[in-house]
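Observations on the three-dimensional arrangement
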Amino acid sequence: MRDDAKNVADKTVPHREDEALKFYFTPTDPPGDTSDNPHAKASTQVADVIDALREEFGEPAIGEMRVYAGEHEVVVDRFRTIEVCRYLKEEQGFDYLSALGGVDRFVEGDRFEVVYNLLSLDDAKRIRLRVRVDEDDLTVPSISSVFRSATWHEREVYDMLGIRFDGHPDLRRMFMPEDFEYYPQRKEFPLLGVPGSLPLPPQTPEGDLTMDPFAAAHGSKPRESFDEPKSDFEQSL
Amino acid sequence: MDANQGFFTTRVDAVMNWARSNSLMPMPMGLACCAIEMMAFAGPKYDSARYGSEAMRFSPRQADLMLVAGWCSYKMAHAVRRVWDQMPDPKWCIAIGACASTGGMHRCYGVVQGIDNFLPVDVYVPGCPPRPEAISHALLDIQEKIRNDYTLANDYSIGEDAPPVPANRPKVLTGSGQQSISPEALYQQDDA
């Protein structure tokens, strides 16, 4: 009886794939050349893209391809960064800037480095660009005209390492206070900071800023508010 | 009134402090992950409403207990101190978690190494993060401090010395009013 009803239903209702029940699994990232990194993925091995880059921009602009931990990366001349990024975005499909960071290599020449991690969402490929910059002229062109998301990353690199980005629409410090004078991710910066560079709030509402970062360890005890000296306003009453 | 009806004597201070300690209005200063535990402490399972302090006041002018939960950067310290200055007296402060108490694992240039560098902290809660029970215990400690420390009559703001801390809380007297009830007696089964 029930089978009959089912057969009738099969005949009368046309077969239709239910869209809501379809699952789109992310394809697994197959392992790549795992000679020195067992976690290296094939998606990070993009020698063909780097070859295309070299054909487009030539040898001085695009450096030698490097393999780091089984992943391909390339050093790019800093004055061609915008063109290279635009080419990768428009011609090679690397449409997503997944990260942009700075490195203090702490070497004599070309001390700093800006690292761009680009991702192609369609082809599931990743490429890493490195741009080296010397301490004497700490300026790198901003790629915020190509990737809008670069603005905050570049602000962060500027805040932490002091690398200025030419053409950035709003290059301000990201984390540290505006009037902070140092770049804390540089290697020579002491881990616990420069005493007096970051004042703590005053111990009473109208007091002076606390310049000692370890006031409590040096015996200072914030006063209970009922113990505070009278403010100017209270005295005027 | 018949003395055998059962009564106890007290001071206005004790009543005020009792009321104050059982209606603490916390100012949640959630700065990092400890704030999640602070929310659990205020939520139904750990239920700070049992102690009368479920009403988190997001305006400092209506709060008298600041819960600083999480690591505090030098930049944030100024905002925290500003909020603290806006809270009316009397007010208390709990440093929740290792980071708020000492800087914790953030021994670096950007994080204040303990909020007691700029705030008068009453209770420190260790843990990374502390369990909500630990925050409840800190609240009980604050209540204990309010009942014993602060008095309305001897307001410290008029320059008087703080009175000595009473040895015990107000005693519960027996029906006859003659002797105090021993703690064991409270748990004894009444045969009659």
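Presented here is a report on the structure given in the accompanying data block.

Basis of the calculations
- Residues numbered from 1 in each chain as written.
- Chains lettered and ligands numbered in written order.
- Predicted model: local features only at pLDDT ≥ 70, side-chain atom pairs only at ≥ 80, totals over all residues.
- Heavy atoms only, no water.
- Helix = DSSP H or I, 4+ residues; strand = E, 2+ residues; numbered from the N terminus.
- Buried < 20%, exposed > 50% of the residue type's maximum accessible area, 1.4 Å probe, protein only.
- Contact = heavy atoms within 4.5 Å.
- Areas by Shrake-Rupley, 256 points an atom, 1.4 Å probe, with all protein chains shown as cover.
- Core = buried A, V, L, I, M, F, W, Y, C linked by side-chain atoms within 4.5 Å.
- Salt bridge = Lys/Arg side-chain N within 4 Å of Asp/Glu carboxyl O.
- Pairing = 2+ DSSP bridges.
- Axes fitted to C-alpha atoms, helices over the stretch in contact; angles between N-to-C directions.
- Phe/Tyr/Trp six-rings, centres within 6.5 Å; stacked < 30°, edge-to-face > 60°.

For chain B, the count of helices and strands is six helices and four strands. Ordered by position from N to C terminus, the α and β elements of chain B give α-β-α-β-α-β-α-β-α-α. The buried share of chain B, reckoned over its 192 residues, is 42%. Long-range contacts, defined here as pairs at least 24 residues apart, represent 72% of the contacts in chain B between residues at least 6 apart. When the accessible surface of chain B is split by element, carbon and sulfur atoms take 56% of a total near 10400 Å².

Counting residues in hydrophobic clusters, the biggest one holds 61 residues, and the most contacted among them are Tyr116(A), Ile127(A), Leu129(A), Ile163(A), Met66(B) and Leu119(B). Here this core takes five residues from helix α3 (residues 74-86) of chain B, the largest share from any one element. When near neighbours in sequence (up to four residues on either side) are disregarded, Tyr116(A) contacts Thr81(A), Leu97(A), Ala99(A), Leu100(A), Ile127(A), Arg128(A), Leu129(A), Val131(A), Val140(A), Pro141(A), Ile143(A) and Phe165(A). With 20 residues, the next largest nonpolar core counts Phe41(B), Trp92(B), Ile94(B) and Leu139(B) among its residues.

Counted by the stated rule, this structure contains 20 salt bridges over all chains. In this structure, Arg130(A) and Glu113(A) form a salt bridge, with 2.6 Å as the shortest nitrogen-oxygen distance. Pair noted here: Arg130(A) is in strand β5 (residues 125-133) and Glu113(A) is in strand β4 (residues 112-120), with a separation of 17 residues, a long-range link. Accessibility assignment for this pair places Arg130(A) and Glu113(A) in one class, buried. With its nearest N and O atoms 3.4 Å apart, the salt bridge here joins Arg131(B) to Glu133(B). Here the salt bridges share partners, and the residues they tie into one network are Arg66(A), Glu71(A), Glu73(A), Glu113(A), Arg128(A), Arg130(A) and Arg132(A).

Let's shift gears to the sheet that holds strand β3 (residues 96-104) of chain A. All names here are of chain A. Spatially, five strands are ordered β1-β2-β5-β4-β3 in an open sheet, and the strand pairing comes out mixed. Since the sheet does not close on itself, it has two edges, and those belong to β1 (62-68) and β3, each with one partner. Each strand of the sheet is rotated relative to its neighbour by a mean of 25 degrees, with strand direction disregarded. Relative to β1, helix α2 (residues 47-57) is tilted by about 170 degrees, and along the sheet it contacts β1, β2 (71-76) and β5. Contacts from helix α3 (residues 81-90) reach β1, β2, β4 and β5 within the one sheet, and its direction differs from that of β5 by about 175 degrees.

Moving on, we get to the sheet that holds strand β1 (residues 26-30) of chain B. Residue and element names in this part refer to chain B. An order of β1-β2-β3-β4 is seen for the four strands of this open sheet, with the pairing classed as parallel. Each edge of the sheet is formed by a strand with only one pairing partner; in this case those strands are β1 and β4 (123-125). Sheet twist, expressed as the mean angle between neighbouring strand axes with direction ignored, is 15 degrees. Direction of pairing for strand β3 (residues 92-96) relative to β4: parallel, over a ladder of three bridges. Residue pairing for β4: Ala95 is matched across the bridge by Tyr124.

A word on the packing of aromatic side chains. The description of an aromatic ring pair uses the distance of the two centres, along with the angle that the planes make with each other. Per the counting criterion, the structure on display carries six aromatic pairs over all chains. Measuring from centroid to centroid gives 5.6 Å for Phe57(A) and Tyr87(A), while their planes differ by 85 degrees, and the two rings are edge-to-face. With Phe57(A) in helix α2 and Tyr87(A) in helix α3, this pair connects stretches of sequence that are 30 residues apart. Tyr87(A) shares its class with Phe57(A); the two are buried. Ring pairs connect the aromatic residues Phe180(A), Tyr182(A), Phe189(A) and Tyr109(B), which therefore count as one cluster.

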